[in-house]
Amino acid sequence: MNAGGAVIPMDCPLPPVSQAALSPAVERIAHGLSPSHSRLILATAEGTLAGWLLLRRELHPLAAHCGVVNHVQTDIHFRGLGVGAALMRGVQGIARDEMGLERLQLAVRSGLGLEEFYRKSGWAEVGRWPGALRVAPGDDRDEILMSLAL
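Below is a short write-up of the structure. (Residues numbered from 1 in each chain as written. Predicted model: local features only at pLDDT ≥ 70, side-chain atom pairs only at ≥ 80, totals over all residues. Heavy atoms only, no water.)

1. Description of the environment of D139
So, point 1. Looking at the element boundaries, D139 is found in strand β6 (residues 139–149).
So, point 2. Not counting chain neighbours up to four residues away, the residues in contact with D139 comprise L133 and R134. (Helix = DSSP H or I, 4+ residues; strand = E, 2+ residues; numbered from the N terminus. Contact = heavy atoms within 4.5 Å.)

See the structure below:
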């Protein structure tokens, strides 16, 4: 997390952050995992954790056919090697085939080119919340909402 990137898990302090400060967020994620509602998807390369993401089913009955992808992260040493693309392919299969989901959504921070990465994986931009994310004083970014039909 201290290496840079767009994802900061909910309820986590902003970087730089210690392992001890991250532990409560990791515990919350781990306790919420379940085969039908929340999956942690990992990518490994050369025996090392290269990336991960969290897939959650929407809880409200009107949206229970949809899932939310959160915390997509790749280790900086493995960027540009297809780890993120492999995670995106993997999450689609798990969401559709194992969880019975029909649509996925995610939100990304503007200013990093992430929307183009997701477009290449089949995602479509469906909305934008201008200036919703304040990275630093004077550095407000749009939150870009994206969707993928499975």
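Don't stop here, the text continues.
2. Structural notes on the pairing of strand β5 (residues 124–136)
So, point 1. Direction of pairing for β5 relative to β6: antiparallel, over a ladder of eight bridges. Paired with E125 across the strands is M146, a residue of β6.
So, point 2. The turn joining β5 and β6, which pair antiparallel and follow one another in sequence, is formed by two residues; a positive phi near 85° is taken by G138. (Pairing = 2+ DSSP bridges.)

3. So, helix α1 (residues 19–32)
So, point 1. If you check α1, its first and last C-alpha atoms are 20 Å apart, about what 14 residues at 1.5 Å a residue would give, namely 20 Å.
So, point 2. Listing the buried residues of α1 in full gives L22, A25 and I29.
So, point 3. The elements touched by buried residues of α1 are β2 (48–57) and β3 (66–74). (Expected span 1.5 Å × (residues − 1). Buried < 20%, exposed > 50% of the residue type's maximum accessible area, 1.4 Å probe, protein only.)

4. Quick word on the sheet that holds strand β4 (residues 103–109)
So, point 1. Read from one edge of the open sheet, six strands run β1-β2-β3-β4-β6-β5, paired in mixed fashion. What marks the edges here is a single partner per strand, and that holds for β1 (38–45) and β5. For this sheet the average axis-to-axis angle between neighbouring strands, irrespective of direction, equals 25°.
So, point 2. Strands in contact with helix α2 (residues 83–98) are β1, β2, β3, β4 and β6; relative to β2, the strand with the most contacts, it is inclined by about 35°. (Axes fitted to C-alpha atoms, helices over the stretch in contact; angles between N-to-C directions.)

5. Topic: the packing of aromatic side chains
So, point 1. Under the defined criterion, the tally for this structure stands at two aromatic pairs.
So, point 2. An angle of 75° between the planes, with centres 4.9 Å apart, marks the rings of F117 and Y118 as edge-to-face.
So, point 3. With a centroid separation of 6.1 Å and 75° between ring planes, the pair formed by Y118 and W123 is classed as edge-to-face.
So, point 4. The buried category is assigned to Y118, whose relative accessible area is 6%.
So, point 5. An aromatic cluster of at least three residues, connected via ring pairs, comprises F117, Y118 and W123. (Phe/Tyr/Trp six-rings, centres within 6.5 Å; stacked < 30°, edge-to-face > 60°.)

6. Details of the pairing of β4
So, point 1. The sheet contact formed by β3 and β4 spans three bridges and is parallel. Residue G67 lies in a different strand from β4, and its bridge partner there is L104.
So, point 2. Between β3 and its parallel partner β4, the chain crosses via α2, and the hand of that crossover is right-handed.
So, point 3. Here seven bridges tie β4 to β6, and the two strands are oriented antiparallel to one another. Residue pairing across strands places L104 opposite L148, the latter belonging to β6. (Right-handed = clockwise from strand over helix to strand, strands pointing away.)

Function cannot be read off these values alone, since they describe shape.
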